[in-house]
Amino acid sequence: MCLYQTACLQSLRNGKTGGVKGYFTKRHLYVIGCTTLLCFSFGYLWNTSNGTWLDTPIKISSTMSSNTQDLDDFHKIKQPSNHILEDLLQIELPRMIYTKPQILKPSRSDVLLMTPWFAPIVWEGTYNSEILNEQFRQRNVTVGLTVFAIKKYVAFLNKFLETAETYFMVGHRVNYYIFTDRPEEVPKVPLKEGRNVVVLQVQNYPRWQEISMRRMEMINSFSQQRFINEVSYVVCVDVDMRFNDQVGVEILSDLFGTLHPGFYAAERQSFTYERRPASQAYVPRDEGDFYYAGGFFGGTVMEVYKLTKKCHEAIMMDKAKGIEAIWQEESHLNKYFVYHKPTKILSPEYLWDDNMGRREILKKRRFLAVPKNHAAIRNK
């Protein structure tokens, strides 16, 4: 027992509270108490300022052995020190001046802007590109753009890449993934800083329909092997197209699809879904929201992996039964979107053919079909 505790005990036995008889006066006790409090306060401040408590690894005990890998990874996480937190507080974001959104004055009243499941539909005039660009720059994203240039379709690459460098994800890092059977014919197009062409050699197939359906298999395979380590989002488009206006981060979301230019205003009974119940792409006539184009879809690498895996498996199941969906992989894509709703939808601005004329609702024509003779390039 320490001297102070002994003195207190003796004081209680003597029935005195004004001091400790023979040891300390009441004034002495007051000084001792203040000194002790100051010592504890100084120790706390010293430990906090040096980060010794905050730098201690988090330890978690668990009785569940099935999650050992996740827990091992979590055990390695450390709380940031005070110095790191102070640095974060010192980051200054650029000042942005823009028109205030008006709750009672929607930006567009001529088109649908939101689906029943709260997925936005992207039209010109419905977003602020400056705000979005700043948000995605802070996240430091890289976007992967995939195209298939098989056989004579390699001829479309030059115009595709040149216009992409002008209009696609300007100011952001991009990897152009070119799937081709003719790697030596991929053109050398000047690229901006942070943008790369990655040539992925694949085999061709006798029929263009087979090539079309194999896209899902190849995108799925490379999503797992490569994309997951190199990009944040994957955008999958047709190569026989050209960019005609800005296509930026406004399109990015967990999972997005594009309204088909031929069916964006049609009733569901008019959609060219696969209607044969024997096919894995079958959609009943009383189901479905929109008809999506197979030539422009994407999302995060994980969501694109899940989509392409499901579609490829369904295509292979149909093939085993001698069935080919009416519009190949586009039919399976539409089936997937019926039951796995996209989190964002792109308007026909993002996939248009000028042979269909001009529409008043289209303020922009961002991605256009290139005129071509299909018979001259397919299956050759």
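Here the structure is a predicted model, which means the values were calculated and not measured.

Quick look at the overall build of the chain now. When its secondary structure is counted, the chain shows 10 helices and 12 strands. Relative to its full complement of 380 residues, the chain shows a buried share of 41%. Of all intrachain contacts in the chain linking residues separated by at least 6 positions in sequence, the fraction that spans at least 24 positions is 73%. By element, 55% of the accessible surface of the chain is carried by carbon and sulfur atoms, the whole surface being about 22,000 Å².

With that settled, the discussion passes to the pattern of salt bridges. Taken as a whole, this structure holds 17 salt bridges when the rule is applied. A salt bridge links K364 to D245; its shortest N-O distance comes to 3.5 Å. Pair noted here: K364 is in the loop between β11 (344-346) and β12 (367-369) and D245 is in the loop between β8 (241-243) and β9 (255-258), with a separation of 119 residues, a long-range link. In this structure K364 comes out as partly exposed when scored by relative accessible area, which is 26%.

So, on to the sheet that holds strand β4 (residues 142-149). As summarised here, the arrangement of the 8 strands in space is β3-β11-β9-β10-β7-β4-β5-β6, forming an open sheet in which the pairing is mixed. Edge positions in the sheet fall to β3 (121-122) and β6 (195-201), since each of these pairs with one other strand and no more. Strand direction decides the pairing type here: β4 and strand β5 (residues 173-180), joined by 8 bridges, are parallel. Within β5, the position partnered with V147 by the bridge is I178. Where helix α6 (residues 157-167) meets the sheet, its contacts fall on β4, β5, β6 and β7 (233-237), and the angle it forms with β5 comes to roughly 170 degrees.

Another point: the confidence of the model for the chain. Across the chain, the average pLDDT comes to 83, with 73% of residues at or above 70. Per-residue pLDDT stays below 50 along residues 2-23; that stretch engages in 21 contacts with residues further than four places along the chain or on separate chains. Low pLDDT, under 50, characterises residues 50-81; the predicted model gives this stretch 23 contacts beyond four residues in sequence or across chains.

This paragraph deals with the pairing of strand β10 (residues 296-300). The buried fraction of β10 is high, at 5 of 5 residues. Note: β7 against β10, 5 bridges, orientation antiparallel. Across the sheet, V237 pairs through a bridge with F296, a residue of β10. For β9 and β10, the ladder comprises 2 bridges, and the chain directions are antiparallel. Paired with F256 across the bridge in β10 is G298.

Bringing the packing of aromatic side chains into the picture now. Tallied over the full model, the rule gives 22 aromatic pairs. Centroid distance F160 to F367: 6.5 Å. Interplanar angle 70 degrees. Geometry classified as edge-to-face. Here the residue F160 occupies a position in helix α6, and F367 occupies one in strand β12, the gap between them amounting to 207 residues. Relative accessible area serves as the criterion here: at 1%, F160 is assigned to the buried category. We classify F367 as buried; its relative accessible area is 0%. An angle of 55 degrees between the planes, with centres 5.0 Å apart, marks the rings of F263 and Y291 as tilted. With a gap of 28 residues between them, F263 in the loop between β9 and β10 and Y291 in the loop between β9 and β10 connect regions that are remote in the sequence. Judged by relative accessible area, which is 1%, Y291 ranks as buried.

Another aspect to go through is the nonpolar core. One recurring pattern in soluble globular proteins is that nonpolar side chains are buried together. Counting residues in each nonpolar core, the largest one holds 41 residues, and the members touching the most others are F160, F168, V235, I251, L252 and F296. Elements with a contribution of two residues or more to this core: α5 (129-139), β4, α6, β5, β7, β8 and β12. Excluding anything up to four places from it in sequence, I251 contacts M169, V235, F256, F296, K344, L346 and Y350. Formed by 38 residues, the second largest nonpolar core is a distinct cluster that contains I121, L200, M213 and V234.

With respect to the helices and strands, the residue D318 is situated in helix α8 (residues 301-320). The buried charged residue D318 lacks any salt bridge partner; its closest oppositely charged side chain belongs to K321, at an N-O distance of 4.5 Å. Beyond its immediate chain neighbours, meaning those up to four positions away, D318 contacts A278, S279, Q280, A281, I323 and H332.

So, about unusual backbone geometry. Here N140, not a glycine, exhibits a phi torsion of approximately 60 degrees, which is positive. Tracing the chain through its elements places N140 in the loop between α5 and β4. Positive phi, close to 50 degrees, is recorded for M169, a residue that is not glycine. By secondary structure assignment, the location of M169 is in the loop between α6 and β5. Residue M169 is classed as buried on the basis of its relative accessible area of 0%.

Parameters and conventions
Residues numbered from 1 in each chain as written. Predicted model: local features only at pLDDT ≥ 70, side-chain atom pairs only at ≥ 80, totals over all residues. Heavy atoms only, no water. Helix = DSSP H or I, 4+ residues; strand = E, 2+ residues; numbered from the N terminus. Buried < 20%, exposed > 50% of the residue type's maximum accessible area, 1.4 Å probe, protein only. Contact = heavy atoms within 4.5 Å. Areas by Shrake-Rupley, 256 points an atom, 1.4 Å probe, with all protein chains shown as cover. Salt bridge = Lys/Arg side-chain N within 4 Å of Asp/Glu carboxyl O. Pairing = 2+ DSSP bridges. Axes fitted to C-alpha atoms, helices over the stretch in contact; angles between N-to-C directions. pLDDT = per-residue confidence, 0-100. Phe/Tyr/Trp six-rings, centres within 6.5 Å; stacked < 30°, edge-to-face > 60°. Core = buried A, V, L, I, M, F, W, Y, C linked by side-chain atoms within 4.5 Å. Lys, Arg positive; Asp, Glu negative; His and termini not counted.

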